[in-house]
2 protein chains.
Amino acid sequence: MQKARHESIICTVDVVLLTLHEGALHVVLLKRDREPFNGALALPGGYIHQQEDQSAWDAAARVLREKTGITAPYLEQLATFAGPGRDPRGWSVSIAYYALVPVSILPTDRPQIVMRPVERLPSLPFDHKSIVDSAVGRVRTKSQYSSLPVYLCGERFTLPQLQAVYEAVLGEPINKVSFRRKLEELAMLEPIEGAMESGGAHRPAQLYRLRKEYRRSLSVVDRGLNPRS
Amino acid sequence: MQKARHESIICTVDVVLLTLHEGALHVVLLKRDREPFNGALALPGGYIHQQEDQSAWDAAARVLREKTGITAPYLEQLATFAGPGRDPRGWSVSIAYYALVPVSILPTDRPQIVMRPVERLPSLPFDHKSIVDSAVGRVRTKSQYSSLPVYLCGERFTLPQLQAVYEAVLGEPINKVSFRRKLEELAMLEPIEGAMESGGAHRPAQLYRLRKEYRRSLSVVDRGLNPRS
DNA sequence: TGAATAGTGTCTTTGAGACAATATTGC
DNA sequence: GCAATATTGTCTCAAAGACACTATTCA
């Protein structure tokens, strides 16, 4: 029925780290410092370490931390990419994760870490282009019915800022009234005492933050054939 | 940054094969014929075969075919389960898939293949309970906004039958008019010339089938914060 | 005061559910 | 015709979008 032995398969995790920069989704890429594809820009990734990692999520978080210094963002499994041709070293499995962070927490002092707009990706090694495209699709879909984009904002943000983030991710304008009604319904934000203004010659906007119970999770709206009943 | 060597990790695929039986979702389980957990009921699964499999999907389809005889159902990647504790043999990765089939195509002549309702699962080895629960959750969620449940029907079905399938999967009644409006909108069904009646003393229902372009894919309804614009 | 953007009220449109009328079959 | 279920029409209700009005700040 099946072979008793299994030849060793290359087992890795890759992380699609997304952020918003100049109003557009960007993916964080690293210049590789080893073969294969030494010197090429690629997703942060690495082998699973059986001694350290208690799960694939742990491995992804560790790889992200080791390669970019980023800790504990929103990090979720995307899909697994596997096959004989995606890595020149042989049959390989990559468990892909995606993460969202505000651009402000990205390290700026490491030239090997760069950001590229997801709409104009450079050529990428392995099947990393498919992985990025898949992550972007997932983020767009999930943003339609959840609070996912808040993880692209910093800790404090105004509703107009958050709406701009949603619009950048979804690539289309959103009705302001509906947007605020929906956020009200999701009940995951709380106002902070103290408004911001900076923009200047206009009414300042209320600052909000995620309520504690949503700091690391999502709020999802009901939807479907029959959300009622 | 990372170890140059990677010890061999156990790489498998598992398939959550779901069907509808007596109005309830059931998962197909196999009596294991080898260690570990010899004799226990478990998901059909097996090693990736580097020589044969061109992808993880291929491996899942092969495993399903070899273990149950079922070919080419709706088969989609679910998620990957990995860690040091889920398999007594060591750090393991299982790329899980789920499949939907009409109960009529299940083999009935093999006693090692059984069906269990997903609401009353027997105890399962490995983390197969988590995998099944995850698949059931995915199917329920996806059924809310897509045509997924049609793959639980045979090739020909009436709208009342299909509605009953949706209701069984979602676990709640659906408004008949809305249901038909939604199917109309999805535009994936076509009537077959010829009605069925069997039930007897009442008006017969029109038989439908999937339109060719949807035979192996899904139709998904728009949804979200701003489906318009 | 005027420009600019934040925040809110409300009318309109759209889509889903309720309900019921009509259609068709076997007895 | 009667029972039973399929199919369709239409009214009602709720959510989403459009639009505009008010609020607040700085120059």
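What you see is a predicted model, and the numbers here were worked out from it, not measured in a lab.

Student: Give a detailed account of the domain arrangement of chain A, specifying residues and quantitative values.
Tutor: Reports of interface size often rely on the accessible area that becomes lost once the parts have come together. Residue and element names in this part refer to chain A. Splitting chain A by domain gives domain 1 (10-142) and domain 2 (150-214). Summarising the inter-unit geometry, the C-alpha centres of domain 1 and domain 2 are found 28 Å apart. In this complex, domain 1 contributes eleven residues to the contact, which on the side of domain 2 involves eight residues. For domain 1, the biggest contributors to the area lost against domain 2 are Leu 20, Pro 102 and Arg 140; these three give 52% of the whole. Linking domain 1 with domain 2 are zero salt bridges, by the criterion used here. If you list the elements that add at least two residues to the side of domain 1 that touches domain 2, you get strand S1 (10-21) and helix H2 (128-143). For the side of domain 1 that touches domain 2, the element with the highest residue contribution is S1, accounting for three residues.

Student: An account of the packing of aromatic side chains is needed here, citing residue identities and associated values.
Tutor: Residues and elements named next belong to chain A. Per the stated rule, a full pass over the model turns up eight aromatic pairs over all chains. Each ring, one from Tyr 74 and one from Tyr 98, has its centre 6.3 Å from the other, and the planes form 55 degrees; the classification is tilted. Placement of Tyr 74 in strand S5 (residues 74-83) and of Tyr 98 in strand S6 (residues 92-100) is noted, with a sequence separation of 24 residues between them. According to the relative accessible area criterion, Tyr 98 is buried, its value standing at 0%. Through a chain of ring-to-ring contacts, three or more aromatic side chains come together here, namely Tyr 74, Tyr 98 and Tyr 151.

Student: Before we move on, could you go through the protein's contact with DNA strand C and cite the residues and values that matter?
Tutor: Neighbouring DNA strand C are 23 residues, the closest being Gln 206 of chain A together with Asn 175, Ser 178, Arg 181 and Lys 182 of chain B. What you see for DNA strand C is that sugar and phosphate hold 59% of its atoms within 4 Å of the protein. One of the side-chain N or O atoms of Ser 178 of chain B is found 2.3 Å from a phosphate oxygen in DNA strand C. With respect to DNA strand C, the backbone of Arg 203 of chain B contributes an N or O atom lying 2.8 Å from a base oxygen. When contributions to the surface near DNA strand C are tallied by element, the ones reaching two or more residues are helix H4 (176-186) and strand S10 (205-210) of chain A together with helix H4 (176-186) of chain B. With four residues, the top contributor of residues to the surface near DNA strand C is H4 of chain B. For the surface near DNA strand C, the class distribution of residues is nine nonpolar, seven polar and seven charged.

Student: Provide a residue-level description of the side chain of Lys 67 of chain A, including the pertinent values.
Tutor: Residues and elements named next belong to chain A. Mapped onto the secondary structure, Lys 67 falls in helix H1 (residues 56-68). Here Lys 67 occupies a buried position and makes no salt bridge, while the nearest side chain of opposite charge, Asp 33, is found at 5.5 Å. Of note is the side chain of Lys 67, whose polar atom sits 3.0 Å from the backbone oxygen of Gly 45.

Student: Give a description of the pairing of strand S1 (residues 10-21) of chain B that names residues and reports values.
Tutor: Successive residues of a regular strand alternate their side chains across the two faces of the sheet. Residues and elements named next belong to chain B. Counting buried residues in S1 gives eleven out of twelve residues, a clear majority hidden from the surface. Across nine bridges, S1 lies against strand S6 (residues 92-100) in parallel orientation. Bridge pairing in S6 places Cys 11 opposite Val 93. As paired elements, S1 and strand S4 (residues 45-47) share three bridges and run antiparallel to each other. Of the residues in S4, the one forming a bridge with Val 13 is Gly 46. Strand direction decides the pairing type here: S1 and strand S2 (residues 24-31), joined by four bridges, are antiparallel. The residue bridging Leu 18 from the neighbouring strand is Val 27, located in S2. The hairpin turn running from S1 into S2, its antiparallel successor, is two residues long, and Glu 22 in that turn takes a positive phi close to 50 degrees.

Reading guide: rules and limits
Residue numbers run consecutively from 1 along every chain, following the written order of its sequence. Written order determines the labels here, with chains lettered from A and ligands numbered from 1. This being a predicted model, a pLDDT of at least 70 is required before a residue's local features are given, and a value of 80 or more before pairs of side-chain atoms are given or counted; all residues contribute to the totals for chains, interfaces and linings. For side-chain calculations, the full set of non-hydrogen atoms in the structure is used, while hydrogens and water are omitted. Here the bounds of each domain stem from an automatic or database domain assignment. By definition in these notes, contact holds between two residues if any of their heavy atoms fall within 4.5 Å. Here the buried area means the combined drop in accessible surface, using a 1.4 Å probe, for two parts upon being joined, counting both sides. Salt bridge criterion: a side-chain nitrogen from Lys or Arg within 4 Å of a carboxyl oxygen from Asp or Glu. Where helices and strands are cited, they refer to DSSP runs of H or I of at least four residues and of E of at least two residues respectively, numbered from the N terminus. Note on ring pairs: Phe, Tyr and Trp rings are taken, using the six-membered ring of Trp, and paired if centres are within 6.5 Å. Classes follow the plane angle, with under 30 degrees stacked, over 60 edge-to-face and the rest tilted. Relative accessible area decides the class of each residue, using a 1.4 Å probe on protein chains only: under 20% of the type maximum gives buried, over 50% gives exposed, and in between gives partly exposed. Proximity is defined per residue: any heavy atom of the residue falling within 4 Å of a molecule or strand makes that residue near it. For this analysis, a polar contact is any N or O atom pair within 3.5 Å, provided that within protein one partner can donate a hydrogen and the other can accept it, and provided that sequence-adjacent residues contribute only side-chain to side-chain pairs. Polar here means any residue other than Ala, Val, Leu, Ile, Met, Phe, Trp, Tyr, Cys and Pro, which are nonpolar, and Asp, Glu, Lys and Arg, which are charged; Gly is therefore polar. Here the positive residues are Lys and Arg and the negative ones are Asp and Glu; neither His nor the chain ends is included. Two strands are said to pair when DSSP picks up at least two bridges between them.

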